[in-house]
Each structure stands twice: as structure tokens, then as C-alpha cells.
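Remarks on the overall topology
Spelled out from the first residue to the last, the chains are:
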Amino acid sequence: MRDLESRTAERRFLFPFTGKAVAPAPVWLMRQAGRYLPEYRKVRAQAGSFLKLCYSPELAAEVTLQPIRRFGFDAAILFSDILVVPDALGQTVRFEEGEGPRLDPIRALDDLGRLALSKTGAKFSLVCETVARLRQDLPRETALIGFCGAPWTVATYVVEGRGSADQSAARHWAYRDPQGFSQLVELLTDASIEYLSGQVRAGADALQIFDSWAGSLADDQFERWVIAPTAKIVQAMRARHPGVPIIGFPRGASAMLTRYIEATGVDGVSCDTSCPLGVMQKKARSGTVVQGNLDPLLLLTGGDALDRRVEEICASMNGLPFVFNLGHGIVPDTPPENVARVVERLRAKG
Ligand code: CP3
């Protein structure tokens, strides 16, 4: 792995991570590959199932490249899913059409034996093969972001067996039997470290840790289930792969942002839609790279409302180390023209 300085020279996305602001701000969008693109729907149909797509290096690389070809984003994000980790550990994951993920729930310590780190090799290798292909096929100037789900967020799916409104099954286990629940979180933490390491060895330039349900925890629980495992992942990655920037996305937890940044050691934070621009500005001034935070719904709305908000975000972050992104993923009904419009307007500012 070449050091950050030399990779930065060719990839603008990495600039802010060396402390330099760059105009126009680098841009990529969460869920930039996905159902809003007709070319994605075609490959998705060809793959048969969503997980088959994730485990097919050729097709997964293809759908990662689609939004880069169309919009010329500064970074590509590996096409995979946060639920690849429990699937590879041995908990069968299915994606039902229109219903989201389904897993056979693990509700208590007795069920945990179904999962094992030793099972992950073959499936993790397929994802790493996608990364290696991408590093060959991407333009030199496009950075490649690898990712995993944060242990807390992945645990909510493992325990609930599906997405849920309040993550109560996982939160309840964590209160009832913290020792048992910590065994699950530790397993997910160790698996995530192996998974991310493999992605970096295969060619990922930067990493993002998605903690989509960080906002559902009380502050003492946040310390234990968000901060501690994330800090462990960051430390392990620093030791193994110095110079690979790590971005955390503690969605819904703006009130804990300062603590999150200080205690986990992440280089950057992806800010959700509700994070005030003033808070993002303050974090950027103190040296954290911030990423965000356009409301994905404005990409449905389009027009002046979209343009105005893009302007506001850029004006607020002007001259600070910043990456333009959404506050959450692109929604399936998004007209691709609106995505193109945002990229054009950002580039026109250069
Ligand atoms: O382009 C990218 O951003 C990279 C690929 C990516 C996907 N999922 C592809 C995907 C990434 C980084 C994720 C992360 C992810 N997956 C998160 C964290 C971010 C967030 O959205 O909060 C979570 C919670 C998941 C779990 C997950 N995957 C759910 C709940 C669903 C169903 C909801 C839905 O949108 O359908 C998925 C499926 C999924 N992951 C799709 C895509 C493109 C759609 C499935 C399809 O094509 O049939």
C-alpha cells in the first residue's frame, strides 16, 4: 500500500485527509450505485438475487463503476452490503423483494454458536476480489472506498432478524445480558477488522464505517456499543494499515459527535441530514474531515430547492476540509438527472 501522500497526488478525494481544502469539494454519494439507475436494475436482474450480486466480483465491480461512468464522482464505494458480515459468519441472510433483509434471529448467547469467524474466508475473499478488480478498472483519479457496518448496527439486524423501528430487541439483550451481548459485538468487531483489512490489502484507499442506528442508544450504551467497538476497529486498522483514512457515520447521533470523534480516532465523519451546518463547520475547523449532508429527498425534489441547499452547504464549508455527500443514501425514485445536476453545479464552483 503506497502512502497517503503519493495516492493523494492523483486522487482529489484524499486531499482533505491531508488537511488541505480543495475546490471544488470532492463528491460521492451514499448508495450512488443502486436501483435509481436503470443499468443497475439490469445487472441486478441478471444476478438473480442481491447477495449473489454482492458475491459476484465481475457484476459487483460493474455496478460500482456505473455511477462513476455516468457522473464522474471523485470516489467509488465498493458495491457490497453491511450484512455480508453476518452472512459470511454463518447466519443466512436473505433479501426479500421490496421488504428488505431477513435473517434467522440470534436472540441470546445460546444461539451465538451458529456464527464463527472461521467460516468467513470464502465469502470475504469474493468481496476482496471485487476490490482488486475495481482498483484495476477505475480511473487513476478515482479513489476507492471500502466499508463495513459498525458492530452495533450490524448487531441490530443479527438480533432482530430484520430492520426495525427502534432496535428494541438488540437494546433489550444489551440491558438484560451485557456480557452475552458483548460476545456478539466482539465477534462482529473482529470479523469487521478482518473484512476491512482484506479490502485495504486488495486496494481500498479509504474506509467508511456505517453506524446507521447509532442514534437509538442511551449515552451510557452509546459508549459501550458504539464508541468502544469503533475505537477497536480504528486502532487495529491504524496498526495494520497506517495512512488509510477512516470515516465514521454515526447516524442520528449528532449530539454525541464530539465524543465520537475524540474517542474513536476516526479521521472523518459523515454527517446525517439533521446535523446542523454550524456543527459540521466547527468540526471541520478543528481538523476533522466532514462529509455531508444534503437531504436525499432534495434529489427527488430537484429544481431551485435542491440548488439552494447545495449552495448553502458549500458556502458553510468553504475553505475547510470537506467532502460533499448526502445525509443518508439515495432513494430508489431519484431521477438520475438531479444527481448529474448536483455534480455539475459543484464542479462549476471550481
Ligand atoms: O453505493 C453504495 O452506497 C454501496 C453499496 C451499499 C449498499 N448498502 C447496497 C445496497 C452500502 C454501503 C450499503 C450499506 C448498508 N446496507 C447500510 C448502511 C447505510 C444505510 O443505508 O443506513 C444498511 C443499514 C444496509 C442494510 C440493507 N441493505 C438494507 C436495510 C437494505 C434494504 C433496504 C433497501 O434499500 O432495499 C439493503 C439492500 C441494499 N443494499 C440495496 C443496495 C443497492 C437494494 C437492494 C436491491 O438492489 O435489491
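Here, every reference points to the structure presented above.
Because the structure is predicted, anything quoted here is derived from the model rather than measured.

Before going further, it helps to examine the overall build of the protein chain. Check the secondary structure of the protein chain and you find 15 helices and 9 strands. For 350 residues, the compact-globule estimate of 2.2 N^0.38 gives 20 Å, and the protein chain sits close to it at 19 Å. Each of the three principal axes of the protein chain carries a C-alpha extent, and together these read 55 × 45 × 40 Å. Looking at the protein chain as a whole, 59% of its 350 residues qualify as buried.

Taken in spatial order, the 7 strands of this open sheet run β1-β4-β5-β6-β7-β8-β9, and their pairing is parallel. The sheet is open, and its two borders are formed by β1 (75-77) and β9 (322-326), each paired with just one other strand. Direction aside, the axes of adjacent strands within the sheet are offset by 25° on average. Across 2 bridges, strand β6 (residues 246-250) lies against strand β7 (residues 268-270) in parallel orientation. Opposite Ile-247, over in β7, you have Gly-268 as the bridge partner. Packing of helix α12 (residues 277-285) onto the sheet brings it into contact with β8 (289-294) and β9, and relative to β8 it is tilted by some 165°.

Turning next to the site of the ligand. Taken together, the neighbourhood of the ligand is formed by 22 residues, with Arg-31, Arg-35, Tyr-40, Asp-81 and Ser-212 sitting nearest. Side-chain polar atom of Tyr-40 to an oxygen atom of the ligand: 2.5 Å apart, as the coordinates give it. Protein contact buries 87% of the 880 Å² of open area that the ligand shows by itself. Counting only elements with at least two residues in the shell around the ligand, the list comes to α2 (38-47) and β3 (100-103).

In terms of nonpolar packing, the biggest core is built from 126 residues, with Phe-13, Phe-181, Leu-184 and Phe-324 touching the most fellow members. Top contributing element to this core by residue count: helix α9 (residues 178-202), with 11 residues. Phe-13 has contacts with Pro-26, Trp-28, Asp-74, Ala-75, Ala-143, Ile-145, Ala-206, Ile-247, Gln-291 and Val-323, leaving out every residue within four places of it along the chain.

Along its 13 residues, helix α15 (residues 336-348) runs 19 Å from first to last C-alpha, staying within 8% of the 18 Å computed at 1.5 Å per residue. Among all positions of α15, only Pro-336, Asn-338, Val-339, Val-342, Val-343 and Leu-346 are buried. Taken around the axis of α15, the buried residues stretch over an arc of 165°, which confines them to a single face. Along α15, exposed side chains directed more than 90 degrees from the buried face belong to Glu-337, Glu-344 and Ala-348. On its buried side, α15 packs onto α4 (57-71), α13 (298-301), α14 (303-317) and β9.

Evaluation of the coordinates by the stated rule reveals 20 salt bridges. Arg-12 is the salt-bridge partner of Asp-74, the closest N and O atoms lying 3.1 Å from each other. Highlighted residues: Asp-74 in the loop between α4 and β1 and Arg-12 in the loop between α1 (4-10) and α2, separated in sequence by 62 residues. Ionic pairing is found between Glu-223 and Arg-259, a salt bridge with its closest N-O pair at 2.8 Å. Taken together, the positions of Glu-223 in helix α10 (residues 219-240) and Arg-259 in helix α11 (residues 257-264) put the pair 36 residues apart, joining distant regions of the chain. Residue classification places Arg-259 among the partly exposed residues on the basis of a relative accessible area of 39%. Among the charged side chains, a network of salt bridges with common partners joins Glu-10, Arg-11, Arg-135, Arg-140 and Asp-205.

We now examine the packing of aromatic side chains. Within this structure, the stated rule accounts for 12 aromatic pairs. With a centroid separation of 5.5 Å and 85° between ring planes, the pair formed by Phe-147 and Phe-210 is classed as edge-to-face. With Phe-147 in strand β4 (residues 143-149) and Phe-210 in strand β5 (residues 206-211), the pair connects residues that are 63 residues apart, well separated along the chain. Each member of the pair, Phe-147 as well as Phe-210, is classed as buried. Taking the centre distance of 4.8 Å and the plane angle of 85° together, the rings of Phe-181 and Trp-225 count as edge-to-face. With Phe-181 in helix α9 and Trp-225 in helix α10, the pair connects residues that are 44 residues apart, well separated along the chain.

Helix length check: α10 (22 residues) gives 30 Å between terminal C-alpha atoms against 32 Å at 1.5 Å per residue, within 8%. Of all the bends found along α10, the most pronounced is centred on Ile-227 and spans about 30°, while Pro-229, a proline, follows it within four residues. Restricting attention to buried positions, one finds in α10 the residues Gln-221, Phe-222, Trp-225, Val-226, Ile-227, Pro-229, Thr-230, Ala-231, Ile-233, Val-234, Ala-236 and Met-237. Where α10 is buried, its residues touch α7 (151-160), α8 (168-176), α9, β5, β6 and α11.

The next thing to look at is the environment of Leu-294. Here Leu-294 is to be found in strand β8. For Leu-294, a relative accessible area of 0% puts it in the buried group. For Leu-294, the residues in contact, after removing those within four places along its chain, are Thr-273, Leu-299, Leu-306, Arg-309, Val-310, Ile-313, Phe-324, Asn-325, Leu-326 and Gly-327.

A few words on the packing of helix α6 (residues 121-137) against α9. Close contact between α6 and α9 brings their axes to 8 Å; oriented N to C, the two are set at 30°. Between α6 and α9, the angle is such that the two are roughly parallel. α6 and α9 meet at a crossing whose hand is right-handed. Residues Phe-124, Val-127, Cys-128, Val-131, Ala-132 and Arg-135 of α6 touch α9, and the partners they reach there are Ala-191, Glu-194, Tyr-195, Gly-198, Gln-199 and Ala-202. Counted by class, the contact of α6 with α9 contains 8 nonpolar, 2 polar and 2 charged residues.

Here is what the cut-offs are and how they apply
Residues numbered from 1 in each chain as written. Predicted model: local features only at pLDDT ≥ 70, side-chain atom pairs only at ≥ 80, totals over all residues. Heavy atoms only, no water. Helix = DSSP H or I, 4+ residues; strand = E, 2+ residues; numbered from the N terminus. Rg over C-alpha atoms; globule rule 2.2 N^0.38 Å. Buried < 20%, exposed > 50% of the residue type's maximum accessible area, 1.4 Å probe, protein only. Pairing = 2+ DSSP bridges. Axes fitted to C-alpha atoms, helices over the stretch in contact; angles between N-to-C directions. Contact = heavy atoms within 4.5 Å. Near = heavy atom within 4 Å. Polar contact = N/O pair within 3.5 Å; in protein donor to acceptor, adjacent residues only side chain to side chain. Areas by Shrake-Rupley, 256 points an atom, 1.4 Å probe, with all protein chains shown as cover. Core = buried A, V, L, I, M, F, W, Y, C linked by side-chain atoms within 4.5 Å. Expected span 1.5 Å × (residues − 1). Arc of directions from axis to C-beta. Salt bridge = Lys/Arg side-chain N within 4 Å of Asp/Glu carboxyl O. Phe/Tyr/Trp six-rings, centres within 6.5 Å; stacked < 30°, edge-to-face > 60°. Bend = angle between axes of the 7 residues up to and from the residue. Parallel < 35°, antiparallel > 145°, perpendicular 65-115°, else oblique. Left-handed = near helix turned anticlockwise from the far one by under 90°. Nonpolar A, V, L, I, M, F, W, Y, C, P; charged D, E, K, R; others polar.

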